[in-house]
There are 2 protein chains.
Amino acid sequence: MKVKVVSNILDVNDRIAEENRTLFDEKGVYVINIMSSPGAGKTSLVEKTIQTLGGRFKIAVIEGDIQDTYDAERVAKLGIPVVQINTGGACHIDGNMIREALPSFDLGGIDLLIAENVGNLVCPAEFKLGENAKIMILSTPEGADKPAKYPLMFQESSVMIINKTDLLPYVDFDMQKAKRDALAINRNLKIFEVSCKTSEGLENWYRWLSGEIESFRKR
Amino acid sequence: MKVKVVSNILDVNDRIAEENRTLFDEKGVYVINIMSSPGAGKTSLVEKTIQTLGGRFKIAVIEGDIQDTYDAERVAKLGIPVVQINTGGACHIDGNMIREALPSFDLGGIDLLIAENVGNLVCPAEFKLGENAKIMILSTPEGADKPAKYPLMFQESSVMIINKTDLLPYVDFDMQKAKRDALAINRNLKIFEVSCKTSEGLENWYRWLSGEIESFRKR
C-alpha cells in the first residue's frame, strides 16, 4: 500500500516536471538541479558559478530548504533573481514546487535557472523538476563509499562534482574508488574534481556548463 | 492528500515503535538510534563504542542501508551480532523494519542494541524505532548552519555528537554557533565534541552512554 501511494506521487510529479520542461524549452531556459548531502557545498558552487558565468549568461536561482532563507540571502547578495522554496519539513523539492515558483521570474530573460535542492543524498534523486541536467556533489570528507551506498543519486545525475579537494591531505578519501564506483553505476557520468574554497578545478565545470547552455540555445 | 497519507504512515509507525519499546523493556535492552548526514561518522562511532564498551556490556547492532552490507561487514569483524536491514531505496529505517530484524537476536542476552540509520539528516528524524535515545552526529565539514536548516533532527535527538574535530583547523566551522543554534532548538540536548579518528573527546560519550544503560537496568 505504501509503495503504491509513493509510486502514484512520482507519476504525478513526472507529469508536472514534463510540463515545466516544455515551458523552459519555449522560453529558452537551461535548468540544472543541484543535489548533495547537507554541507557538501551546493550553495558555494552556486555562488562561484554566478560570480564566474554571471557576466556571460543571465542566471536565476531557486533555493530549496526545509524552513530557512539563509542560502537565498547568500545568493541574493550577488544581485540576481532568487526565489526561496520552503518545503515545510519535506526532504526534497518537486516539480510542483518549481511550478509554483516560476511566476516570480521573467523566464524570457533567463539563460540558466539553477535549482538548489534540500541537502539529502537519497530522496531528491527520485523527483524530477523539469531540469536539463541533474548535478550532484560528493565532498571528500563524506568518503568514497557513497556511490555504492546511495546509488540512485549517482545513476540519475549527469555530473558528479567531487568537492573539497583542499581537504584531501586530511581525510581518508580514495579518489580512484569513488570515481570507479560512480562510473560502474553510470558510465556516462561527467566527473569534475574541484575545491569551491580555493577555486581549483572549477574551470572545467564552467567550461562544461557553458557548452551545455550554448548547445541548448542552438538546438 | 499527500500529507494525509504520510501522517497515517507515521501513526502506524508510532504504534509499532511502541510495541518494540515494550519488548525491549521486558528484555532489558537499552536501544539507541544513530542518525546523521552521509559520511558524518556513524559507523566509526559504532566501531569505537563496541571496542571500548564491548567488554562491559553485551552489544548488538542493526545496520540500516539502502542496499549494501559494507557497514555490517565492518561491524561484524568486531565479533558481535549484526543484522543488516536493506531498505531497498527507502531513505530511513522504521519501526516495522526493526521488528522484522528482532527474531535474529537473542534479546535476553543483549544490554545495548545500536541501530545505525540510513545517512540522511531529514527523514529518519520522523520515524521512531522504539529506541531509548536518538543520537545524532554533526561533522565539522558540514558547517555550523545545519541546526537552523534541519531543525527536526536536532529537536528529536537526546544527544548531538560533533564529530571530526580533528578537521577544525582546515574547515570553516563555528563551534559556538553550532552549539548555540542546536540548544535554541532543543535545550536538553547533550553535546559531545569528538574525533572518531583520533578518539579525542570520546570518553565523555562512553561515560554518558554507560550511565544511561546502568540507570535503565536499575529502573
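Our subject is the structure that appears above.
Below: a short report on this structure. The model shown is predicted, which means the values in this text are computed figures rather than measured ones.

**Focus on the overall build of chain A**
Thinking step 1. Within chain A, the secondary structure is distributed over eight helices and seven strands.
Thinking step 2. For chain A, the proportion of its 219 residues judged to be buried stands at 58%.
Thinking step 3. In chain A, the share of contacts with a sequence separation of at least 24, taken over all contacts with a separation of at least 6, comes to 73%.
Thinking step 4. Here chain A displays about 9,000 Å² of accessible surface, and carbon together with sulfur accounts for 48% of that area.

**Details of the side chain of Asn163 of chain A**
All names here are of chain A.
Thinking step 1. Within the secondary structure, Asn163 is located in strand S6 (residues 159-163).
Thinking step 2. With a relative accessible area of 2%, Asn163 lands in the buried category.
Thinking step 3. In this structure the side chain of Asn163 is engaged in a polar contact, spanning 2.9 Å, whose partner is the backbone oxygen of Ala40.
Thinking step 4. When neighbours within four sequence positions are excluded, Asn163 is seen to be in contact with Ala40, Gly41, Ile137, Leu138, Ser139, Thr140, Val194, Ser195 and Cys196.

**Brief notes about the pairing of S6 of chain A**
Residue and element names in this part refer to chain A.
Thinking step 1. The element S6 is extensively covered by neighbouring structure, given that five of its five residues are classed as buried.
Thinking step 2. In S6, alternate side chains face the same way, and those of Val159, Ile161 and Asn163 on one face and Met160 and Ile162 on the other are all buried.
Thinking step 3. Taken together, the five bridges between strand S5 (residues 133-139) and S6 define a ladder with parallel strand orientation. Opposite Ile135, over in S6, you have Val159 as the bridge partner.
Thinking step 4. Across four bridges, the pairing between S6 and strand S7 (residues 190-193) is parallel. In the strand pairing of S7, Ile162 is matched with Glu193.

Conventions adopted
- Residues numbered from 1 in each chain as written.
- Chains lettered and ligands numbered in written order.
- Predicted model: local features only at pLDDT ≥ 70, side-chain atom pairs only at ≥ 80, totals over all residues.
- Heavy atoms only, no water.
- Helix = DSSP H or I, 4+ residues; strand = E, 2+ residues; numbered from the N terminus.
- Buried < 20%, exposed > 50% of the residue type's maximum accessible area, 1.4 Å probe, protein only.
- Contact = heavy atoms within 4.5 Å.
- Areas by Shrake-Rupley, 256 points an atom, 1.4 Å probe, with all protein chains shown as cover.
- Polar contact = N/O pair within 3.5 Å; in protein donor to acceptor, adjacent residues only side chain to side chain.
- Pairing = 2+ DSSP bridges.

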